Amino acid sequence: MNCSLRFCGSVTMALAMGAGVCAAAQAADPESGPASPAELARPDDTLAGSDKLLLTGGVSQLEGAAGGGLTPWAVIGGYGTRDQIGANAFLTRVGVQDYHLDGAGALIGFLDRIELSIARQRFDTEDVGAALGLGRGYSFTQTIIGLKVKLAGDAVLEQDRWLPQVSVGAQFKRNDRGDLLRAIGAKDDHGVDFYVSATKLYLSQSVLANLTLRFTRANQIGLLGFGGDRNDSYRPQLEGSVAWLLSRKLAIGAEYRMKPDNLGIAAEDDWFDAFIAWAPSKHVSLTLAYADLGNIVIKDRQRGLYASLQVGF
Amino acid sequence: MNPMQELAARLALAILTLLASASPALADENPAPSDPSLLPVFEQFGGKPGIDALMEDFMVKLIEDPRTRNYFAEADQTHIKAMLAEQFCVILGGPCTYTGKGMREAHAKLVINQGGFNALVEDLQRAMDMHDIPFRAQNRLLAVLAPMHREVITEP
Ligand code: HEM
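All figures in this text were calculated on a predicted structure; none of them were measured in a lab.

1. Focus on a nonpolar patch on the surface
Residues and elements named next belong to chain A.
Link 1 in the chain: Nonpolar side chains collect at one region of the surface, where Leu-91, Val-242, Trp-244, Leu-246, Ile-252, Ile-276, Trp-278, Leu-286, Leu-288, Leu-309 and Val-311 lie side by side and expose about 910 Å² of accessible area between them.
Link 2 in the chain: Of all elements in the fold, only β10 (235–245), β12 (271–281), β13 (284–292) and β14 (303–312) reach the threshold of two or more residues within the nonpolar patch.
Link 3 in the chain: Within the secondary structure, Val-311 is located in strand β14.
Link 4 in the chain: With relative accessibility at 43%, the residue Val-311 sits in the partly exposed group.

2. Considering the site of the ligand
Link 1 in the chain: Contacts to the ligand come from 22 residues, most closely from Phe72(B), His79(B), Gly100(B), Lys101(B) and His107(B).
Link 2 in the chain: Chain contributions to the surroundings of the ligand come from chains A and B.
Link 3 in the chain: A distance of 2.9 Å is found between an oxygen atom of the ligand and a side-chain nitrogen or oxygen belonging to His79(B).
Link 4 in the chain: Going through the elements one at a time, α4 (69–72), α5 (77–91), α6 (103–107) and α7 (114–130) of chain B are the ones with two or more residues in the shell around the ligand.
Link 5 in the chain: The leading source of residues in the shell around the ligand is α5(B), at five residues.
Link 6 in the chain: Considering only residue class, the shell around the ligand consists of 16 nonpolar, five polar and one charged.

3. Section: the UniProt feature "binding site: heme" (unreviewed entry) in chain B
Residue and element names in this part refer to chain B.
Link 1 in the chain: Under the UniProt annotation, the feature "binding site: heme" (unreviewed entry) is placed at His-107.
Link 2 in the chain: You can see His-107 is positioned in helix α6.
Link 3 in the chain: For His-107, a relative accessible area of 17% corresponds to the buried category.
Link 4 in the chain: Ignoring anything within four residues of it in the chain, the contact list for His-107 reads Ile-112, Val-152 and Thr-154.

4. With respect to the packing of aromatic side chains
Residue and element names in this part refer to chain A.
Link 1 in the chain: Within the structure shown, the criterion is met by five aromatic pairs over all chains.
Link 2 in the chain: Put simply, the rings of Tyr-99, Phe-123, Tyr-138 and Phe-140 touch in pairs and so form one group of aromatic residues.
Link 3 in the chain: Across from the ring centre of Tyr-79, 5.7 Å away, lies the NZ or CZ of Lys-282, which sits over that ring.

5. Quick word on the pairing of β14(A)
Residues and elements named next belong to chain A.
Link 1 in the chain: Pairing analysis gives nine bridges linking strand β3 (residues 85–96) to β14, with the strands arranged antiparallel. Residue Gly-95 lies in a different strand from β14, and its bridge partner there is Leu-305.
Link 2 in the chain: Direction of pairing for β13 relative to β14: antiparallel, over a ladder of nine bridges. Within the sheet, the bridge partner assigned to Asp-292 lies in β14 and is Arg-303.

6. Digging into the interface of chain B and chain A
Link 1 in the chain: Counting from both sides, the interface comprises 34 residues of chain B and, opposite them, 35 residues of chain A.
Link 2 in the chain: By the criterion of area lost to chain A, the three top residues of chain B are Lys109(B), Gln114(B) and Phe135(B), representing 18% of everything that side buries.
Link 3 in the chain: Joining chain B to chain A, the criterion identifies five salt bridges.
Link 4 in the chain: The salt bridge partner of Arg150(B) is Glu158(A), with a shortest N-O separation of 3.0 Å.
Link 5 in the chain: Of all the elements in the fold, those that place two or more residues in the side of chain B that touches chain A are α1 (3–22), α4, α7, α8 (135–145) and α9 (149–152) of chain B.
Link 6 in the chain: Sorting elements by how many residues they give to the side of chain B that touches chain A places α7(B) first, with nine residues.

Rules and cut-offs
Residues numbered from 1 in each chain as written. Chains lettered and ligands numbered in written order. Predicted model: local features only at pLDDT ≥ 70, side-chain atom pairs only at ≥ 80, totals over all residues. Heavy atoms only, no water. Patch = residues over 30% accessible without salt bridge, like charges linked within 9 Å, V, L, I, M, F, W, Y side chains within 5 Å. Areas by Shrake-Rupley, 256 points an atom, 1.4 Å probe, with all protein chains shown as cover. Salt bridge = Lys/Arg side-chain N within 4 Å of Asp/Glu carboxyl O. Helix = DSSP H or I, 4+ residues; strand = E, 2+ residues; numbered from the N terminus. Buried < 20%, exposed > 50% of the residue type's maximum accessible area, 1.4 Å probe, protein only. Near = heavy atom within 4 Å. Polar contact = N/O pair within 3.5 Å; in protein donor to acceptor, adjacent residues only side chain to side chain. Nonpolar A, V, L, I, M, F, W, Y, C, P; charged D, E, K, R; others polar. UniProt positions renumbered as here; feature names shortened; annotations may be inferred. Contact = heavy atoms within 4.5 Å. Phe/Tyr/Trp six-rings, centres within 6.5 Å; stacked < 30°, edge-to-face > 60°. Lys NZ or Arg CZ within 6 Å of the ring centre and 35° of its normal. Pairing = 2+ DSSP bridges. Buried area = accessible area lost by both parts, 1.4 Å probe.

As structure tokens, this is what we get:
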């Protein structure tokens, strides 16, 4: 796909006066002799591109945004630079003692500025479903549409400034099990999470850090609905990630995600994980993590493996 | 000139002034800020001979890479390698003097976008891998080079 669309070109055209200024400035430059070959070299204008540096677009977090495994980061997903569009798709499975969660989704990153994502989740209650009279393997499913906009900074290039890359985002979630959710005390089957993320790569230390503040009413990220008998208002939740870069292709790290606790009959805990992410190329990455998800519905100490595969261009 | 035309003319003038002031001829940052605390990294690069050898393979990678090839193929490669070697040597606290141009001046006539900048960084990373320069040492150098994007990238 070669769109050969030149952004500066088109912008300059729109500002026809600006083009006039450029031309005038060039004509007035007394030193501009015949152009050397290097001066004639032009960047590749293909819009679908992948010139972001390896792993700097993050991986796909649970709800489909670019980030760590649990938490969105301020980076825009895909390998597109500010002149390109990047995209990827993911498959994730989290298996803990008494449940498992499958997720799949995709995202598009526009001009390293806007990220659009979609994800579908299926939370399988295995034997717990039978114990609760729902039937063995009863599943909660939800769809999440995500939007993220970069506001300021550049997590990678601005190494001499303290300002991190800052983005804001929203995740629009709709759960398919409204009737049951209301029976367990949830107020809604849909809800919107809002977040602001700050991400910075500290190249001198080979460390990446992220902080996210999320406003949410979601119970277990929305799998158990939104709002509840104990609390029904938006609560700020802090999320964080640190990653140590071991090589261009390999990073290890840890994450924390604070969660509300809105439902009287299904206590909810904060989440932790320790992960390793491996990107053999810009087209594929594999993330493995050990996750501690605490209490889920009626089962405590839910721990297990998180695995996520991402493919993209 | 009727009032509408005069308004349009004034507006055009205002926009022109704005455009001109939005892109002032900024002074070059120091292209080779020396940091004595990076001396151990200089050693990990194999000193000046190590950096000189690195430049040979770096240039090969830049010529191989279709994203950077056209910029360097017909340029004075010997000169660029020598200048880059001096620059890296000084940055890493080595006993060298940088005699080249500022980064804005050196790239002012080129059309370089962020993809091109990252391409050069990737080629440098591959060359440094070839020379077994430890990843963390590579990143110490890249941390100094990265902010130069503001002067090297000429296409907004
Ligand atoms: C941090 C990144 C970069 C650094 C540190 C750097 C450094 C240098 C240095 C030291 C010179 C020689 C200056 C002199 O002649 O005195 C130079 C020239 C040059 N650079 Fe870069 N450069 C960078 C990025 C790039 C990129 C991304 C491109 C193109 C894709 C590029 C293309 C060139 C070319 C074609 C010349 C020769 C210009 C001429 O013939 O006058 N550079 N660069």
